[in-house]
Amino acid sequence: MLPQDTMAKLLAAKKELVKEEQQRAEEKHAQELFERKEREKNLSFAELLKRHGDKGNKF
């Protein structure tokens with residue numbers, strides 16, 4: 001079995017890697033949302049109606 005200090009270092013490294021991976025996933029998700037909003041901003045009114053339909057409510 002590994003010495004206690006080596007095991008602790010490995011567990012700390014694993015925890016740090018998991019945290020970094022989660023942060024990268026969150027950043028990727030935020031980037032995808034931003035890009036989608038930018039694409040929708042550039043759509044014409046006719047394209048938006050075609051995509052979402054004309055079934056909105058007044059308020």
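For the structure, see preceding data.
Predicted model only: the values in this text are computed from it and were never measured.

Draft legend 1. Just the overall build of the protein, in detail. Along the protein, the regular secondary structure elements total two helices and zero strands. Across its three principal axes, the protein shows a C-alpha extent of roughly 65 × 20 × 20 Å. Of all 59 residues assigned to the protein, the portion counted as buried reaches 0%. Accessible area of the protein: about 6,100 Å², with a carbon and sulfur share of 57%.

Draft legend 2. How the structure looks around a nonpolar patch on the surface. Together, Met1, Leu2, Met7, Leu10 and Leu11 line one region of the surface with nonpolar side chains, adding up to about 580 Å² of accessible area. For Leu11, the location among the structural elements is in helix 1 (residues 4-41).

Draft legend 3. Structural view of the pattern of salt bridges. Applying the stated criterion to the full structure yields two salt bridges. The residue Glu21 makes a salt bridge to Arg24 at a minimum N-O spacing of 3.0 Å. You can see Glu21 and its partner Arg24 sitting in helix 1, three residues apart, about one turn around the helix. When its relative accessible area of 45% is taken as the criterion, Glu21 is described as partly exposed.

Draft legend 4. Inspection of the environment of Leu33 at higher detail. Inspection of the secondary structure assignment puts Leu33 in helix 1. On the basis of relative accessible area, Leu33 is assigned to the partly exposed category, the value being 30%. Considered as a pair, Leu33 and Thr6 are 27 residues apart in the sequence and their alpha carbons are 41 Å apart.

Parameters at a glance
Residues numbered from 1 in each chain as written. Predicted model: local features only at pLDDT ≥ 70, side-chain atom pairs only at ≥ 80, totals over all residues. Heavy atoms only, no water. Helix = DSSP H or I, 4+ residues; strand = E, 2+ residues; numbered from the N terminus. Buried < 20%, exposed > 50% of the residue type's maximum accessible area, 1.4 Å probe, protein only. Areas by Shrake-Rupley, 256 points an atom, 1.4 Å probe, with all protein chains shown as cover. Patch = residues over 30% accessible without salt bridge, like charges linked within 9 Å, V, L, I, M, F, W, Y side chains within 5 Å. Salt bridge = Lys/Arg side-chain N within 4 Å of Asp/Glu carboxyl O.

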